[in-house]
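Summary of structural features
What follows is the residue order along each chain.
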Amino acid sequence: MKWNDSSEIIRIVVEDYLMLELACKIREKDTFRFVKLTNKSPITISRFLSALKSFYKSMIRLEHYTYNNPFIDGQYILHDYSNQNGVRKDKPRMPNISGTEDAIPHRRLTDSYFKIIKEEWQPQIIDDGNLPYQVYQAGKKVDWSQREMLIARMLFETGARISEIIHLTIGDYRQRKSHQEVATFNKGSHGRKIKFLRFSKDTVKRLFHYIDTERKSYDKNHFIFEQLSDDSPIFLSENGTALTYHAWYHHWNKAMKLNEISLNLHKARHWFVTSRLREIYHISQNESEIQQRKNELIKYMKWKNTDTINVYEHHFDKAKHRESHDKMLEQMQRNEKEYIQQLKASKKSKLKLTVIETDNLNKFDGDLQELLEGLE
């Protein structure tokens, strides 16, 4: 076959490839196919299919492909399936288990000819305790300003999304009673400040130092904290305007690239959850305390789906198994050494010979003779 063959031929070839090469199971429907991933299937199948669909969209737009897109279900358009957007602007909707979206009563169908079903969303488990410090050092090497360093610290210390930090205002800080907290919006809250972020005392000092020095130099009025209005943004660009995501990401990306660190900034949130759960298991005395602290974490993260935490806990279940298994293996090694030592000691005791002096031997013979006479 060729890439510019008819839609039917392209679909047949790709369906065979999915089954024979990528270990997928295919279920036929009237106008499309359900694709089920197995434990032998690569996790990048959705990207593979998405790339193919995008490729043919481009070829059709450039008039290089004369058929309908093989990877679009024509009946999707005819039936006008609901296309509910997620809370992220211009981004596809996340699954319910991600904890970021409002639940929908039915599964949203896509316009794809190959529809992946029962595909589990898995958060990235970042279990490197030194990750924040590696990022801070990377920032120092590229001369991050106070602003970049402060935002990076807030990311790791609060577990917040980057948008929830960049768009903070002076009033968000003043609103909270604790000097270590700020109020912020949550995805899906339509701008309402329904959650709070908490950070360290050191970060509080850095925050005020930034506001009264670096930020002051960018502020058109050169105001310090006490002079600023509640709606003033905490983070400013060099032009004195509110900092945007793209302006900040330029600095993050530069630090990661120059220090050869492959790290998406959203993984800081996953690192925070992983670290919090590890601490919960470490300080809790019983299952009741563990559950209470987990519920507190769920409320803090504002997860709409409480099942989200189960994915992280699965990581800890495996980690605890590895830890207990390692202890068992270490004990087996100690037992083996003790057994070998006992075995060697036993062999030595069997090889010991009793040396009897000549005088003692004569006495021994006499005693034995008396014993035998007594028995008679």
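Everything in this summary refers to the structure shown in the same document. (Residues numbered from 1 in each chain as written. Predicted model: local features only at pLDDT ≥ 70, side-chain atom pairs only at ≥ 80, totals over all residues. Heavy atoms only, no water.)

**A look at the overall build of the protein**
Scanning the protein for helices and strands turns up 14 helices and five strands. Within the protein, the proportion of its 376 residues that are buried is 36%. Counted over contacts in the protein with a minimum sequence separation of 6, partners at least 24 positions apart contribute 60%. Taken as a whole, the protein presents about 24400 Å² of accessible surface, with 51% of it coming from carbon and sulfur. (Helix = DSSP H or I, 4+ residues; strand = E, 2+ residues; numbered from the N terminus. Buried < 20%, exposed > 50% of the residue type's maximum accessible area, 1.4 Å probe, protein only. Contact = heavy atoms within 4.5 Å. Areas by Shrake-Rupley, 256 points an atom, 1.4 Å probe, with all protein chains shown as cover.)

**A look at helix α10 (residues 245–258)**
What sets the pattern is the α-helix's 3.6 residues per turn: residues three or four places apart point alike. Helix length check: α10, at 14 residues, gives a terminal C-alpha distance of 20 Å against a target of 20 Å (1.5 Å per residue), a fit within 8%. For α10, the full list of buried residues reads W248, W252, A255 and M256. The arc enclosing the buried residues of α10, seen along the axis, measures out at 100 degrees, which places them on a common side. For α10, the exposed residues set more than 90 degrees away from the buried face come down to H246, H250, K257 and L258. Buried-residue contacts for α10 involve α4 (131–141), α5 (146–158) and α6 (162–166). Taken from the residues just after α10, E260 is the one with a positive phi, measuring 55 degrees. (Expected span 1.5 Å × (residues − 1). Arc of directions from axis to C-beta.)

**Comments concerning helix α12 (residues 287–301)**
Across its 15 residues, α12 extends 21 Å between first and last C-alpha, which sits within 8% of the 21 Å expected from 1.5 Å per residue. Residues of α12 that are buried include every one of I290, K294, L297, I298, Y300 and M301, and no others. Down the axis of α12, the sector holding all buried residues measures 160 degrees, keeping them to one side. Facing away from the buried surface of α12 by more than 90 degrees, the exposed residues are S288 and K299. The distance from a side-chain oxygen at the start of α12 to the backbone nitrogen of S288 is 3.1 Å, and the residue carrying that oxygen is N286. Among the residues trailing α12, K302 stands out with phi positive, at a value near 60 degrees. (Polar contact = N/O pair within 3.5 Å; in protein donor to acceptor, adjacent residues only side chain to side chain.)

**Regarding the side chain of E181**
Relative to the assigned elements, E181 resides in strand β4 (residues 181–184). With relative accessibility at 10%, the residue E181 sits in the buried group. In this structure the side chain of E181 is engaged in a polar contact, spanning 2.8 Å, whose partner is the side chain of R176. Setting aside residues no more than four positions away along its own chain, E181 makes contact with Y173, R176, F196, L197, R198 and F199.

**Quick look at the layout of surface pockets**
Here the second largest pocket defines a volume of roughly 350 Å³. Along its surface, the second largest pocket is lined by 15 residues, and E157, R198, F272, R276 and Y300 are the ones closest to its centre. Listing elements by their share of the lining of the second largest pocket, those giving two or more residues are α5, β5 (195–198), α11 (267–283) and α12. Class assignment for the residues of the lining of the second largest pocket results in seven nonpolar, three polar and five charged. (1 Å grid on protein atoms, 1.4 Å probe; cavity = no way out; pocket = protein on both sides within 12 Å on 5 of 7 lines; lining within 4 Å. Points joined across faces, edges and corners; volume = space filled by probe spheres on them. Nonpolar A, V, L, I, M, F, W, Y, C, P; charged D, E, K, R; others polar.)

**Observations concerning a nonpolar patch on the surface**
A cluster of nonpolar side chains, namely M1, I9 and V13, defines an oily patch on the protein surface of about 260 Å² accessible area. Counting through the fold element by element, M1 comes out in the segment before α1 (7–20). (Patch = residues over 30% accessible without salt bridge, like charges linked within 9 Å, V, L, I, M, F, W, Y side chains within 5 Å. Salt bridge = Lys/Arg side-chain N within 4 Å of Asp/Glu carboxyl O.)

**Structural notes on the packing of α4 against α5**
With their axes 10 Å apart at the nearest point, α4 and α5 run at an angle of 170 degrees to one another. What the angle tells us is that α4 and α5 run roughly antiparallel. Residue-level contacts link L131, P132, V135, Y136, G139 and K140 of α4 to M149, A152, R153 and F156 of α5. (Axes fitted to C-alpha atoms, helices over the stretch in contact; angles between N-to-C directions. Parallel < 35°, antiparallel > 145°, perpendicular 65-115°, else oblique.)

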